Amino acid sequence: MYEPAQLRTFLAVAQTLSFTQAARRLGVRQSTVSQHVRRLEDAVGRPLFTRDTHSVEVTEDGEVMLGFARTILQAHERAAAFFTGTRLRGRLRFGASEDFVVTRLPEILESFRREHPEVDLELTVELSGTLEARLESGRLDLILAKRRTEESGGELVWQDSLIWIGSPGLRLDPDRPVPLIVFPPPGITRARALEALGAQGRPWRIACTSSSLSANIAAARAGLGVMAHTRGLVPPGLTPLPARAGLPELGDVDFVLRKGRRRGAAQEAADALASAILAGGDRLHRPRRSSGPLPP
């Protein structure tokens, strides 16, 4: 009843909230994306998206369809692997930005390990800039990391805006430097925050710096300062700063998958994990119920 190609297109649009971005991810024309969505909506008999010239949103029926689409595609891939007799094996070195610790990425990794038990999955959690360097040096096979929107390279999982967040009771004194909670270089959010404040001419000071997201969140909850953070992943206990705080806009950031240069079994495993992450990309927008660590 539901064509796999149409389901993949539906997931790409639901995750990027853009027909244009979905077409780029899938390597097809935008008209093909529109055609796939229209045919799937005809098969379902209900609209899956509300859209105008400026925005795309997933409907309630579309949210339900996300779960069905993932399940159908996973079953399709398991059947194809079984009848072609292919089993993934070998070592896969995967790196993820710490932003994803609080999302449902662990569920995607757990499912991947269950589906491919002969793949030795090694996980590295680091700053996006550090992950990029390790990928380029051949020490990682696949990374899920942040990228500036004006940069190229990698496969877009989704795009989100950066905002200022802090403790609910935090009040900034306009006559004093902005207290910042930041990652060390080469953190993308750190660079964006300093650039935006510099362009505004607003003085600032470092109130806390740590490579640990948990440490920075704790500092922000204690009211030590403000953080630049992804809108869709605001940690519990913190809140976006209101416009009256007078802080500059931070723009958008891309979350992308990038693969290394290894071939053979490692590349096949990287391709499979990348497909699993893209299929479940919408789950990365949503915090997990528990705050346990990522699986080893």
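Treat the numbers as computed from the prediction; the structure is a model and nothing was measured.

Draft legend 1. Spatial organisation of the side chain of Arg190. Its location among the elements puts Arg190 in helix 7 (residues 188–200). No salt bridge forms around the buried Arg190; measuring N to O, its nearest opposite-charge neighbour Glu195 is 9.9 Å away. Beyond its immediate stretch of four places on either side in the chain, Arg190 contacts Val182, Phe183, Pro184, Pro185 and Thr209.

Draft legend 2. Up close: the confidence of the model for the protein. Across the protein, the average pLDDT comes to 87, with 94% of residues at or above 70. Between residues 288–296, whose pLDDT stays under 50, and residues either more than four places distant or in other chains, the model counts 17 contacts.

Draft legend 3. Broad picture of a nonpolar patch on the surface. On the surface, Val64, Phe68 and Ile72 cluster together to form a nonpolar patch covering roughly 260 Å² of accessible area. Mapped onto the elements of the fold, Phe68 is located in helix 4 (residues 60–84).

Draft legend 4. Region of interest: unusual backbone geometry. Here the amide bond leading from Pro185 into Pro186 is cis, since omega sits at 10°, within 30 degrees of zero. Turning to its location among the elements, Pro186 is positioned in the loop between strand 7 (178–182) and helix 7.

Draft legend 5. Local environment of the pattern of salt bridges. Applying the stated criterion to the full structure yields 13 salt bridges. A salt bridge links Glu136 to Arg258; the shortest N-O distance between them is 2.8 Å. One end of the pair, Glu136, is in helix 6 (residues 128–136); the other, Arg258, is in strand 11 (residues 252–259), with 122 residues separating them in the sequence. Take Arg258: its relative accessible area is 21%, and that puts it in the partly exposed class.

Draft legend 6. Structural view of the pairing of strand 5 (residues 142–148). Burial within strand 5 is extensive, with seven of its seven residues counted as buried. Of the strand pairs in this sheet, strand 3 (residues 90–97) and strand 5 are connected by three bridges, and their pairing is parallel. Paired with Ala96 across the bridge in strand 5 is Leu144. Pairing between strand 5 and strand 11: seven bridges, direction antiparallel. Directly across from Arg148, in strand 11, lies its bridge partner Val253.

Draft legend 7. Representation of the packing of helix 2 (residues 19–26) against helix 3 (residues 30–44) within the structure. Look at helix 2 against helix 3: their axes get within 8 Å of each other, and the N-to-C directions meet at 105°. It follows that helix 2 is roughly perpendicular to helix 3 by the angle criterion. On helix 3, the residues touching Phe19, Thr20, Ala22 and Ala23 of helix 2 are Gln30, Val33, Ser34 and Val37.

Draft legend 8. Up close: the packing of helix 1 (residues 4–16) against helix 2. Interaxial distance between helix 1 and helix 2 falls to 8 Å at its minimum, and their mutual angle equals 130°. When the axis of helix 1 is compared with that of helix 2, the two are oblique. Once helix 1 is placed against helix 2, the crossing between them reads as right-handed. Between helix 1 and helix 2, the contacting residues are Arg8, Thr9, Ala12, Val13, Gln15 and Thr16 on the first element and Phe19, Gln21, Ala22, Arg25 and Leu26 on the second. Classifying every residue of the contact of helix 1 with helix 2 by side-chain character gives five nonpolar, four polar and two charged.

Draft legend 9. Region of the structure containing helix 9 (residues 265–279). In this model, helix 9 (15 residues) spans 21 Å end to end at C-alpha, consistent with the 21 Å of a helix rising 1.5 Å per residue. The set of residues buried in helix 9 consists of Ala266, Gln267, Ala269, Ala270, Leu273, Ala274, Ile277, Leu278 and Ala279.

Procedures and definitions
Residues numbered from 1 in each chain as written. Predicted model: local features only at pLDDT ≥ 70, side-chain atom pairs only at ≥ 80, totals over all residues. Heavy atoms only, no water. Helix = DSSP H or I, 4+ residues; strand = E, 2+ residues; numbered from the N terminus. Buried < 20%, exposed > 50% of the residue type's maximum accessible area, 1.4 Å probe, protein only. Lys, Arg positive; Asp, Glu negative; His and termini not counted. Salt bridge = Lys/Arg side-chain N within 4 Å of Asp/Glu carboxyl O. Contact = heavy atoms within 4.5 Å. pLDDT = per-residue confidence, 0-100. Patch = residues over 30% accessible without salt bridge, like charges linked within 9 Å, V, L, I, M, F, W, Y side chains within 5 Å. Areas by Shrake-Rupley, 256 points an atom, 1.4 Å probe, with all protein chains shown as cover. Pairing = 2+ DSSP bridges. Axes fitted to C-alpha atoms, helices over the stretch in contact; angles between N-to-C directions. Parallel < 35°, antiparallel > 145°, perpendicular 65-115°, else oblique. Left-handed = near helix turned anticlockwise from the far one by under 90°. Nonpolar A, V, L, I, M, F, W, Y, C, P; charged D, E, K, R; others polar. Expected span 1.5 Å × (residues − 1).

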